[in-house]
Amino acid sequence: MAVLELNLTSERRAKARFGKLLTFQIVALLKVATLVLGVSGCALVFLGVPIGWFVFGLAAIPAMLVEWHAGELKNLPPDSNREAVDAWLEASILAGLSEGATPAQIAELIGKSQAGQFMAVRFGVTANFLLNIASDDVKRSDDIWVDARDIQLQTGSPILHGGIVAVALIRQFADHDILLAQMHLELDDLIAGIRWYDHIQELIGQQAKPRRTGGIARDWSFGYVPLLKRFGVNLSEGGGVFTVELDSHLRALDQLVEAMSGGGRQNAAIVGSEGVGKTTLLHAFAERLLDADAQVPSSLKFRQVFLMDSSALISAAPGRGELEGLIMRVLTEAYRAKNIIICLDNAQLFFEEGVGSVDLTNVLLPILEAGNLRIILTMDEQRLLQIAQRNPGLVNALNRIILAPASRDETVAVMQDQLIMTEYKRKVTYMYQSLAEAYRLSERYIHDLEMPGRALKLLETAASYAESGKFVTMNSVQQAIEQTMNVKVGTADVAAERETLLNLEDKIHERMINQKRAVQVVSDALRRARAGVRNQDRPIGTFLFLGPTGVGKTELAKALADVYFGGEDRMIRLDLNEYVTLEDVNRLIADGADDPNSLTAQVMKQPFSVVLLDEIEKAHPNVLTTLLQLLDEGILRDVRNREVSFRDAIVIATSNAGADRIREHIEKGEQLEQFEPQFIDELISSNQFRPEFLNRFDEIVTFTPLGKAELVQVINLMIAGVNKTLALQKVSVDVTEDAKLYLVDKGYDPRLGARPMRRVVQRAIENTVAKEMLGGNVTPGTTMYITLEQVQGVLGAEVAANAIVAEASVEARE
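For clarity, every value in this text was computed on a predicted model and none was experimentally measured.

**Q** Sorry if this is basic, but what is going on with the overall build of the chain here?
**A** Helix and strand counts for the chain come out as 40 helices and 17 strands. Dimensions along the principal axes, computed over C-alpha positions, put the chain at roughly 140 × 80 × 60 Å. Burial statistics for the chain: of 814 residues in total, 48% are counted as buried. Looking at the chain alone, contacts between residues at least 24 apart form 74% of all its contacts between residues at least 6 apart. With the model as given, the accessible surface of the chain reaches about 39700 Å², and the carbon-plus-sulfur share is 52%. Computed over 83 positive and 106 negative side-chain charges, the inter-centroid distance for the chain is 5 Å.

This is the structure in structure tokens:
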């Protein structure tokens, strides 16, 4: 590997060392000395004392040192004429270097540098971290300098600062990939961190430069605008710098300047979904108009931009005639002021139709077409399309500027700029990992905004979950989503949850009998999800449950919702026998405002749940086609074209198809493993399911009819449910074994499975308990014992009564 020269006797090294001596306190003393000597010299000269000129001359010495420090030593520029380490290295590190410095000694200097501290705070790459991986072999130092210079050229950094050297030192460590992975980082993230630091330094430099904004002469030229100040905000007086760095936004800003300075219709409609940055673009536009150095046509220079609140205008004049009059007065005021650009925010509110809505097309269209008043409208893309269908003339009169959602890199860049203000307001510090996590999770869970607004909203919320030291970490962002959306996004790290996951089968079987294979496959899916080893772009698990009615298909879905997702209310159930026509596809993906019971609306509200699609074989083919995307990609688009994520749900489809064939195989004494593949092939051959549909499921599970011994266990679960209800009254019930067998015989129906047993238990057990309690035969603290004779008495009397009713009906017909 090539070696870069490191000359510790160079002039730049000497300046760095001298600059290090001029600490903040010494510079302050030099300023005081300059002031004291200057004032003293002037006083002595005024009094006619000749030595006064000498004293005044002495003031030049500290003054020159202060000026030298501010002009060169404080931010020592590189020596671009030399290709050497000392020619490019940050002054604070260069000053501390000694001959034969080892990587460990370099790491120590990095930790004291400003850029090194930035990497420590934002990435966790602290001085101790670097010291732990740094070598004591002085020969490795040359490799670090060469690598650092390569990184500097790669990032375009103006100087070889501590952040660059830190990344070079990490790259020299053999197992850096493993080490960074434990911090949820990659080398590319650290390279991005270098660019982030350089960008902040650039912003600081821009802020320090004087800006010409027209001054008093500009203010004198403004007209009297009381209505505008009442109903709007003057963006030109907003203060602060709203930088627009995204390429798409820069193009949009240039389009806006061109549209507002043209000779024709001087208007613009900034179109985009909420969160894409329409307001930020307006601030940047207002800032550019006030910058005397900006390339802006003279017809726009120093004009003010007023952002009008559409809802405030409407509420101030609720009547149609009143609102039209108010709007005309506002626009007339702006026109007379001569230098005002009006912006109507959420302008779609002025073009609504229907009862209680406002449509000011007749007022605004002539003004837009005339082009005498510069107007900017911001609108939602979907609402603009709706307006275009009703009133194409209005839309054709507008110069449209489309703002698309930001990409991942663009969103991260916006977040980095926004953090400057957010950290100041919330008194927190964001780590880089939190930015990346905010993008990932907001893209998945926040649907009412577009990027970068989605990520910024989550990042702001995460400030409330800052960890020790007021640091907002990746875990803070996960906590924000989990608490506000009620989902689980991290990996299992709490002992109680780990215990639940490892023993999930036992917990489910506490409320469900048999069907061991079905319980195992869904339990495995949950464990994969919480261990972080599943495909994140699909649902947690997708299963097709096949089998007769009453064997536990729905009960397993309920058990999952209760045991893992936190309650049976975390199950979203759709009976697909209600989706048998082509039009029912729209009901499946309806907007929640129109139909809160649509599948997409329920999952948008509760993404962490069990989605149960009952009797899927009865659904219309187009409904099944719509569900293919859900099973394959974990998303569905609703009628408003919004992506609704199913990636945190378990999707279970049930079907009774082939139930008779399953019973035939069981009655022959065959085990499930023997006939299941053949049975599934039969379903495909009979065209009940298409192969491409079945292939979308992770597992196809066949449920077998329950035997008598298993049905007794079902009875036990039902009795346990009765005792749970009676617990508040300190009463319990116990049923003899022969009575349970009798209940099984009376309650089991091969066609309906175990479902009729619920009614049998209710009549034979619950009714008996109710009568005994009302009769005063049961006192708190006692246990009721129900025998075979009692059960036979209840059910036998019922059977006899049914026979009498049936006989009477026959006689009546005769």
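From this point, the discussion proceeds with the structure in view.
**Q** Where do I start with the sheet that holds strand 4 (residues 340-345) in this structure?
**A** Whether parallel or antiparallel, the strands of a sheet pair through hydrogen bonds between backbone atoms. Spatially, 6 strands are ordered 1-3-4-5-2-6 in an open sheet, and the strand pairing comes out mixed. Either end of the sheet is taken by a strand with one partner, and the two such strands are strand 1 (232-234) and strand 6 (400-402). Taken over all neighbouring pairs, the strand axes of this sheet differ in orientation by 20° on average, direction set aside. Relative to strand 6, strand 2 (residues 267-271) is paired through 3 bridges, and the arrangement is parallel. When the sheet's bridge partners are listed, Ile-270 is paired in strand 6 with Ile-401. Contacts from helix 21 (residues 381-390) reach strand 2, strand 5 (375-379) and strand 6, with the element oriented near 110° to strand 5.

**Q** Would you mind going over the UniProt feature "transmembrane region" (unreviewed entry) in the chain with me for this structure?
**A** When the UniProt feature table is mapped onto this chain, "transmembrane region" (unreviewed entry) is found at residues 21-39. Along residues 21-39 the backbone is 89% helical and 0% strand, and the end-to-end C-alpha distance reaches 27 Å.

**Q** What exactly am I supposed to notice about the sheet that holds strand 14 (residues 650-655) here?
**A** An order of 10-11-14-9-15 is seen for the 5 strands of this open sheet, with the pairing classed as parallel. The sheet is open, and its two edges are formed by strand 10 (571-575) and strand 15 (699-702), each paired on a single side. Strand after strand, the sheet turns through a mean of 20° between neighbouring axes, direction not considered. Where strand 11 (residues 610-614) and strand 14 come together, 4 bridges link them in parallel fashion. Within the sheet, the bridge partner assigned to Val-610 lies in strand 14 and is Ile-650.

**Q** Can you walk me through the pattern of salt bridges in this structure?
**A** Close approach of charged atoms lets side chains of opposite charge pair. Scanning all chains against the criterion turns up 32 salt bridges. Glu-643 is the salt-bridge partner of Arg-637, the closest N and O atoms lying 2.8 Å from each other. Classification of Arg-637 by relative accessible area gives partly exposed; the value is 34%. Put simply, Glu-664 and Arg-661 hold a salt bridge, and the shortest N to O gap is 2.6 Å. A residue pair is termed a helical-turn pair when its members lie 3 or 4 positions apart in one helix, as Glu-664 and Arg-661 do in helix 34 (residues 659-667) at 3 residues. On the basis of relative accessible area, Glu-664 is assigned to the partly exposed category, the value being 34%. Within this structure, Arg-511, Glu-555, Asp-562 and Glu-568 form a network of salt bridges that share partners.

**Q** What should I look at first to understand the packing of helix 23 (residues 408-426) against helix 25 (residues 453-462) in this one?
**A** How two helices pack is summed up by the angle between their axes together with the distance between the axes. Between helix 23 and helix 25, whose axes approach to 10 Å, the crossing angle comes to 30°. With respect to their mutual orientation, helix 23 and helix 25 come out roughly parallel. Here helix 23 runs over helix 25; the crossing is right-handed. For the pair helix 23 and helix 25, contact is made by Thr-411, Val-414, Met-415, Gln-418, Leu-419, Thr-422 and Arg-426 and by Ala-455, Leu-456, Leu-459 and Glu-460, respectively. Among the residues making up the contact of helix 23 with helix 25, the classes are represented as 6 nonpolar, 3 polar and 2 charged.

**Q** What is the right way to look at helix 7 (residues 103-112) in this model?
**A** Because the α-helix completes a turn every 3.6 residues, residues three or four places apart line up on one side. Along helix 7, the residues that are buried comprise Pro-103, Ala-104, Ile-106, Ala-107, Leu-109 and Ile-110. The elements touched by buried residues of helix 7 are helix 6 (91-96), helix 8 (114-123), helix 9 (127-133), helix 10 (139-155) and helix 11 (162-171).

**Q** Which parts of the structure should I look at to understand the packing of aromatic side chains?
**A** Aromatic ring pairs are described here by two measures, namely the spacing of the ring centres and the angle between the planes. Following the criterion strictly, the structure yields 12 aromatic pairs and no others. Among the aromatic residues, ring-to-ring pairing joins Phe-118, Phe-123, Trp-196, Tyr-197 and Tyr-432 into one connected group. We note Arg-149 situated over the ring of Trp-88; from NZ or CZ to the ring centre the distance is 4.3 Å. Cation over ring: Lys-427 sits above Tyr-424, and NZ or CZ is 4.8 Å from the ring centre.

**Q** Would you explain a nonpolar patch on the surface in this entry?
**A** A contiguous nonpolar patch, built from Phe-46, Leu-47, Val-49, Ile-51 and Phe-54 and spanning about 580 Å² of accessible area, is present on the exposed surface. Here Phe-54 lies in helix 3 (residues 51-58).

**Q** How do you make sense of helix 33 (residues 621-633) when you look at a structure like this?
**A** Counted at 1.5 Å a residue, the expected span for helix 33 with its 13 residues is 18 Å, and the 19 Å between its end C-alpha atoms agrees. Those residues of helix 33 that fall on the buried side of the exposure criterion are Val-623, Leu-624, Thr-626, Leu-627, Leu-628, Leu-630 and Leu-631. Note on helix 33: the residue one or two positions beyond its end, Gly-634, has a positive phi of about 75°.

Calculation criteria
- Residues numbered from 1 in each chain as written.
- Predicted model: local features only at pLDDT ≥ 70, side-chain atom pairs only at ≥ 80, totals over all residues.
- Heavy atoms only, no water.
- Helix = DSSP H or I, 4+ residues; strand = E, 2+ residues; numbered from the N terminus.
- Buried < 20%, exposed > 50% of the residue type's maximum accessible area, 1.4 Å probe, protein only.
- Contact = heavy atoms within 4.5 Å.
- Areas by Shrake-Rupley, 256 points an atom, 1.4 Å probe, with all protein chains shown as cover.
- Lys, Arg positive; Asp, Glu negative; His and termini not counted.
- Charge placed at Lys NZ, Arg CZ, Asp CG, Glu CD.
- Pairing = 2+ DSSP bridges.
- Axes fitted to C-alpha atoms, helices over the stretch in contact; angles between N-to-C directions.
- UniProt positions renumbered as here; feature names shortened; annotations may be inferred.
- Salt bridge = Lys/Arg side-chain N within 4 Å of Asp/Glu carboxyl O.
- Parallel < 35°, antiparallel > 145°, perpendicular 65-115°, else oblique.
- Left-handed = near helix turned anticlockwise from the far one by under 90°.
- Nonpolar A, V, L, I, M, F, W, Y, C, P; charged D, E, K, R; others polar.
- Phe/Tyr/Trp six-rings, centres within 6.5 Å; stacked < 30°, edge-to-face > 60°.
- Lys NZ or Arg CZ within 6 Å of the ring centre and 35° of its normal.
- Patch = residues over 30% accessible without salt bridge, like charges linked within 9 Å, V, L, I, M, F, W, Y side chains within 5 Å.
- Expected span 1.5 Å × (residues − 1).

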